[in-house]
Amino acid sequence: MPTNRPVNTFRNVPRSAPARRSDSRSGASNRLRTFVQRQPLLKRLARFVLKLALYAFLFSVGWVIVLKFVPIWYTPLIISRKVDAALEGNSMNVHKTWTPYDDISKEAALAVVASEDQAFPYHWGFDFDEIQDAIRENQRRKRPRGASTITQQVAKNVFLWNGRSYLRKGLEVYFTLMIELIWGKKRILEVYLNVAETGPMTFGVEAASRRYYGHSARTLSRAEAARIAAVLPNPRLFSIARPSSYIQRRSRQISRQMRALGGQAYIRKL
């Protein structure tokens with residue numbers, strides 16, 4: 001006799017349901033397998049990046065050591081000025097003569113320290129008091145003023161490109177510390193006196209002295225050195241040969257600061 005049997009509910013479940021669970025497990029398995037397969041590639045990539053960073057570090061150290069001893073004939077800024085001149089159809093001739101520190105009047109060295117970075121003999125590349133003062137003043141000023149030391153300016157001019165970015169600023173900090181550690185104060189000041197822009201297509205105090213005063217930087221007077229230092233914030237706008245009333249006033253202020261610092265004795269022990 002036929003009997004009524006209970007309905008098997010498991011058989012009534014649609015066949016697609018187990019398939020969906022299987023697909024889900026299969027997808028997770030595939031993703032895990034893909035991740036595992038990619039692990040060696042990620043490891044190789046990480047090793048490559050670490051090697052690249054190590055090589056870049058070693059190259060930068062070697063480059064800084066080399067430039068401690070050899071004249072620096074070209075900088076990114078000089079190249080940039082030559083490119084700008086070519087694009088504008090102007091002369092690409094650069095006025096620049098590398099001159100050893102001992103052959104430059106110490107009035108010139110003292111003038112740039114007095115005008116640009118009076119704490120230069122004592123800091124390790126950064127003047128934090130000046131940075132704090134600049135931050136406070138810039139909250140009220142329309143045109144912000146910088147607080148870069150001579151060392152920072154050398155690091156920027158010799159090793160880096162023009163522009164503003166966190167990457168460039170980070171590299172500036174790195175090279176500032178490097179040249180403070182490896183070069184020392186005298187070499188930093190020597191490089192600054194030779195690579196600083198002092199006029200249109202003019203770099204260094206020797207070129208400025210010969211072009212605008214007609215004699216070597218060895219014989220620069222205090223007034224002449226102060227005027228060169230006075231135009232450094234913007235040598236393409238301000239002129240050594242035709243000083244404005246502002247430059248004349250700033251030159252006198254720098255001369256007074258040079259005397260207040262005690263004269264050449266202030267930088268004698270660099």
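Throughout what follows, the structure given in this document is the object of discussion. Just so it is clear, the model here is predicted, and its values are computed rather than measured.

Some thoughts on the overall build of the protein
Helix and strand counts for the protein come out as 11 helices and 3 strands. From first element to last, N terminus to C terminus, the protein shows the α and β order α-α-α-β-α-α-α-α-α-β-β-α-α-α. With 270 residues in all, the protein has 37% of them scored as buried. Counting only carbon and sulfur atoms, one obtains 57% of the accessible surface of the protein, whose full area is about 17100 Å².

Side note on the sheet that holds strand 3 (residues 202-203)
If you trace the 3 strands from one edge of the open sheet to the other, you get 1-3-2, paired in mixed fashion. What marks the edges here is a single partner per strand, and that holds for strand 1 (95-96) and strand 2 (197-199). Pairing of strand 2 with strand 3, which is carried by 2 bridges, proceeds in the antiparallel orientation. Residue pairing across strands places E197 opposite F203, the latter belonging to strand 3.

Points about the environment of D129
Note on placement: D129 falls in helix 5 (residues 128-138). Classification of D129 as exposed rests on a relative accessible area of 56%. Taking the C-alpha atoms as reference points, D129 and A147, 18 residues apart in sequence, are found 9.3 Å from one another.

Some words on the packing of helix 9 (residues 205-213) against helix 10 (residues 222-231)
When two helices pack together, their arrangement is given by the angle between their axes and by how far apart the axes lie. Where helix 9 contacts helix 10, the two axes come as close as 11 Å, and the packing angle between them is 110°. Relative to helix 10, the element helix 9 lies roughly perpendicular. Where helix 9 crosses over helix 10, the handedness of that crossing is right-handed. Between helix 9, through V205, A208 and Y213, and helix 10, the contact on the second element is made entirely by E224, R227 and I228. Classifying every residue of the contact of helix 9 with helix 10 by side-chain character gives 4 nonpolar, no polar and 2 charged.

A word on the pattern of salt bridges
The full count for this structure, using the stated rule, is 10 salt bridges. E116 is the partner of R250 in a salt bridge, and the nearest nitrogen-oxygen pair spans 3.9 Å. Highlighted residues: R250 in helix 11 (residues 245-260) and E116 in helix 4 (residues 106-116), separated in sequence by 134 residues. Residue class for E116 comes out partly exposed when judged on its relative accessible area of 21%. A salt bridge links E172 to R168; its shortest N-O distance comes to 3.3 Å. A residue pair is termed a helical-turn pair when its members lie 3 or 4 positions apart in one helix, as E172 and R168 do in helix 7 (residues 166-182) at 4 residues. The pair E172 / R168 is uniform in exposure class, with both members buried.

Observations concerning the nonpolar core
By size, the foremost hydrophobic cluster in this structure holds 51 residues, and its most contacted members are V112, I150, V154, F159, W183 and L189. Contributions of two or more residues to this core are made by helix 2 (16-67), helix 4, helix 6 (150-159), helix 7, helix 8 (185-195), helix 9, helix 10 and helix 11. In terms of residues, this core owes the most to one element, helix 4, which gives 7 residues. Not counting the four nearest positions on each side in its chain, L189 is found in contact with Y101, A109, V112, V113, F120, I150 and L270.

About the criteria used
All residue numbers refer to positions counted from 1 along the written sequence of the respective chain. In keeping with the model being predicted, local features are shown solely for residues with a pLDDT of at least 70 and side-chain atom pairs are shown and tallied solely at 80 or more, while totals for entire chains, interfaces and linings include all residues. Side-chain figures throughout are based on the complete set of non-hydrogen atoms in the structure, without hydrogens or water. Secondary structure elements are taken from DSSP: a helix is a run of H or I of four residues or more, a strand is a run of E of two residues or more, and numbering for both begins at the N terminus. For each residue, the accessible area found with a 1.4 Å probe, counting protein chains only, is set against the maximum for its type, and the residue is called buried under 20%, exposed over 50%, and partly exposed in between. All accessibility values rest on the Shrake-Rupley procedure with a 1.4 Å probe; residue burial counts only the protein chains present in the view. A strand pair is defined by DSSP finding two or more bridges across the two strands. Whenever a helix is involved, its axis is fitted only over the stretch in contact; in every case the axis is a line through C-alpha atoms, and angles between N-to-C directions fall within 0 to 180 degrees. An angle counts as roughly parallel when it lies under 35 degrees, as roughly antiparallel when it exceeds 145, as roughly perpendicular when it falls between 65 and 115, and as oblique in every other case. Left-handed describes a crossing in which the near helix is turned anticlockwise from the far one by less than a right angle; the clockwise case is right-handed. Contacts are assigned to residue pairs that have any heavy atoms within 4.5 Å of one another. Three classes are used, and their members are as follows: Ala, Val, Leu, Ile, Met, Phe, Trp, Tyr, Cys and Pro are nonpolar, Asp, Glu, Lys and Arg are charged, and the others, Gly among them, are polar. Every case where a carboxyl oxygen of Asp or Glu lies within 4 Å of a side-chain nitrogen of Lys or Arg is listed as a salt bridge. Working definition of a nonpolar core: buried Ala, Val, Leu, Ile, Met, Phe, Trp, Tyr and Cys residues. They are joined through side-chain atoms within 4.5 Å.

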